[in-house]
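An overview of the molecular structure
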Amino acid sequence: MRAIQVSRYGGPEVLEQVEVPAPTPAADGLLVEVDAAGVNYADTHRTDGSYTTITPLPFIPGSEVIGRTGDGRRVLAPTFDGGGYAELAVVPAADAVDVPGPVGDAEALALLVQGLTAWHLLRNSARLSPGESVVVNAAAGGVGTLAIQLARLFGAGRVIAVASTEDKRKLALSLGADAAIGSDPDGYASRVVAANNNQPVDVILESTGGATFNAALGALGGFGRLVTYGNAAREGRRPLLDPALLADHNLTVAGFWLRPALQLPGMYREPLAELFNLVATGKLEPVIAEYPLAEARQAHTDLLARRTTGKLVLRP
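Let me begin by describing the structure that accompanies this report. (Residues numbered from 1 in each chain as written. Predicted model: local features only at pLDDT ≥ 70, side-chain atom pairs only at ≥ 80, totals over all residues. Heavy atoms only, no water.)

Time to look at the overall build of the protein. Helix and strand counts for the protein stand at ten helices and 15 strands. Here the C-alpha radius of gyration of the protein, 19 Å, is about what a compact globule of 316 residues would show, namely 20 Å. Principal-axis analysis of the C-alpha atoms gives the protein an extent of 60 × 40 × 35 Å. The buried share of the protein, taken over its 316 residues, is 51%. For the protein, restricting intrachain contacts to residue pairs at least 6 apart in sequence, the fraction spanning at least 24 positions comes to 68%. Approximately 13400 Å² of the protein is accessible, and the part contributed by carbon and sulfur atoms is 52%. Computing the positive centroid from 26 side-chain charges and the negative centroid from 33, the protein places the two 3 Å apart. (Helix = DSSP H or I, 4+ residues; strand = E, 2+ residues; numbered from the N terminus. Rg over C-alpha atoms; globule rule 2.2 N^0.38 Å. Buried < 20%, exposed > 50% of the residue type's maximum accessible area, 1.4 Å probe, protein only. Contact = heavy atoms within 4.5 Å. Areas by Shrake-Rupley, 256 points an atom, 1.4 Å probe, with all protein chains shown as cover. Lys, Arg positive; Asp, Glu negative; His and termini not counted. Charge placed at Lys NZ, Arg CZ, Asp CG, Glu CD.)

Set out below in structure tokens:
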């Protein structure tokens, strides 16, 4: 089968299309003919060896696929150990979810990692209450484009999008954001407060890290919550927080990682079913960018250069 393989750690240049033997599923696995594979920012960390755990070489990237099983089921499933960037992939049978007919392949992929992340950020980490203000950093990305829409559906009083370019800010506004501002850490807090009618905000969803993380703390009001779920700035797990800084304004900083969340009862299939229904009924519209499998290197290049919007998908 055709697959994209990493034989040495590095940037997008190490992604190579190769012919490899088809995988053989164990008793707890399903062999899936891949219709589409999702591209995630974590894939770029695995490729360059900077992920939380080092993936042994050689490996096939890709942590989610949608495709057909031998008996004709159309299933969506995570492949957290890799293997998604290929014509065939083995997925955990227990995690394979049948996809409703009205939901397209790329739409379904947008809901697995990005959709569930946005859902959990708002529902469980931020515990958004109706009427509260929400700031979505990286608003034109896969999580951001869905978080804007879900925040509105979940009753947010005001949604403020943060994005790096005018086109991305226009996209955020078209998805339902009330205001859209630039992402430069300098002046971040003052821009956020101004966009919230000169009031500090209740919730910030933050995936950049570094200077942006520090700046975001200054935009929170009393009992405000900042949820950190990424490190796009690649500045490491800094800064360390002074608890007194949080106590001064009764602030909360929460961390989120999808993989362990999915192991908890009711945190995988149930919210995914809700997201499927929102897409099927036209209430939630994932933003999609598709690439042929052979152009995986270009997909990673564009993602790292922040040229992309929405969910990136590879088609074998």
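The element helix α6 (residues 210-217) is extensively covered by neighbouring structure, given that six of its eight residues are classed as buried. Buried residues along α6 sit in contact with α5 (188-195), β11 (201-206), β12 (220-228), α7 (243-247) and β13 (252-255).

Moving on, we come to the packing of helix α1 (residues 41-48) against helix α10 (residues 296-304). Taken N-terminus to C-terminus, the directions of α1 and α10 make an angle of 110 degrees; their axes are 10 Å apart at the nearest point. If you check the angle between α1 and α10, you find them roughly perpendicular. The residues of α10 that touch α1, namely those facing Tyr41, Asp43, Thr44 and Thr47, are His300, Leu303 and Leu304. Residue classes in the contact of α1 with α10 are distributed as three nonpolar, three polar and one charged. (Axes fitted to C-alpha atoms, helices over the stretch in contact; angles between N-to-C directions. Parallel < 35°, antiparallel > 145°, perpendicular 65-115°, else oblique. Nonpolar A, V, L, I, M, F, W, Y, C, P; charged D, E, K, R; others polar.)

The next point concerns the nonpolar core. Counting residues in hydrophobic clusters, the biggest one holds 56 residues, and the most contacted among them are Leu76, Val134, Ile148, Leu150, Leu205, Leu272 and Phe276. If you list the elements that add at least two residues to this core, you get α2 (105-125), β8 (133-136), α3 (142-153), β9 (158-162), α4 (166-174), β11, α8 (258-261) and α9 (269-280). The dominant element in this core, judged by the number of residues it contributes, is α2, at eleven residues. Once residues lying within four places of it in the same chain are set aside, the contact partners of Phe276 are Leu76, Val97, Asp98, Val99, Pro100, Val103, Ala108 and Leu111. Counting residues in hydrophobic clusters, the runner-up holds 28 residues, among them Val14, Ala37, Val75 and Ala96. (Core = buried A, V, L, I, M, F, W, Y, C linked by side-chain atoms within 4.5 Å.)

Counted at 1.5 Å a residue, the expected span for α3 with its twelve residues is 16 Å, and the 17 Å between its end C-alpha atoms agrees. Along α3, ten of the twelve residues are buried, which leaves the element largely enclosed by surrounding structure. Within α3, burial applies to Gly142, Val143, Gly144, Thr145, Leu146, Ala147, Ile148, Gln149, Leu150 and Ala151. (Expected span 1.5 Å × (residues − 1).)

The next point concerns the sheet that holds β9. The sheet built from six strands is open, its strands ordered β10-β9-β8-β11-β12-β13 with parallel pairing. Looking at which strands have only one partner, the edges of the open sheet turn out to be β10 (179-181) and β13. Geometrically, the sheet is characterised by an average inter-axis angle of 20 degrees between neighbouring strands, direction not taken into account. Judged from the four bridges that link them, β12 and β13 form a sheet pairing that is parallel. Among the inter-strand pairings, Leu226 is bridged to a residue of β13, identified as Val253. The sheet contacts of α6 involve β11, β12 and β13, and relative to β12 the element is tilted by about 160 degrees. (Pairing = 2+ DSSP bridges.)

When two helices pack together, their arrangement is captured by the angle between the axes and the distance separating the axes. At their nearest, the axes of α2 and α9 sit 9 Å apart, and the two run at 115 degrees to each other. The two elements α2 and α9 cross, and the hand of that crossing is right-handed. Seen from α2, the contacting residues are Glu107, Ala108, Leu111, Leu112, Gly115, Leu116, Trp119, His120 and Arg123; seen from α9, they are Pro271, Leu272, Glu274, Leu275, Phe276 and Val279. (Left-handed = near helix turned anticlockwise from the far one by under 90°.)

A cluster of nonpolar residues, Tyr9, Ile54 and Leu57, forms a patch on the protein surface that exposes about 260 Å² of accessible area. Looking at the element boundaries, Ile54 is found in the loop between α1 and β4 (64-68). (Patch = residues over 30% accessible without salt bridge, like charges linked within 9 Å, V, L, I, M, F, W, Y side chains within 5 Å. Salt bridge = Lys/Arg side-chain N within 4 Å of Asp/Glu carboxyl O.)

So, on to the environment of Arg158. For Arg158, the location among the structural elements is in strand β9. For Arg158, a relative accessible area of 21% puts it in the partly exposed group. Residues Arg158 and Asp202, 44 residues apart in the sequence, show an inter-C-alpha distance of 9.9 Å. Setting aside residues up to four positions removed in sequence, Arg158 forms contacts with Glu132, Ser133, Val134, Asp178, Ala179, Ala195, Asn196 and Asn197.

Across all of its chains, the model carries eleven salt bridges by this definition. A salt bridge links Arg2 to Glu87, with the nearest nitrogen and oxygen atoms 3.3 Å apart. Of this pair, Arg2 sits in strand β1 (residues 2-6) while Glu87 sits in the loop between β5 (74-78) and β6 (88-92); the two residues are 85 residues apart in sequence, bridging distant segments of the chain. Assessed through its relative accessible area of 22%, Arg2 is described here as partly exposed. The class of Glu87 is partly exposed, set by a relative accessible area of 27%. A salt bridge links Glu290 to Arg315, with the nearest nitrogen and oxygen atoms 3.0 Å apart. Here Arg315 lies in strand β15 (residues 311-315) and Glu290 lies in strand β14 (residues 288-292), a separation of 25 residues in the sequence. Salt bridges sharing partners connect three or more residues here, namely Arg74, Asp105, Glu290 and Arg315.

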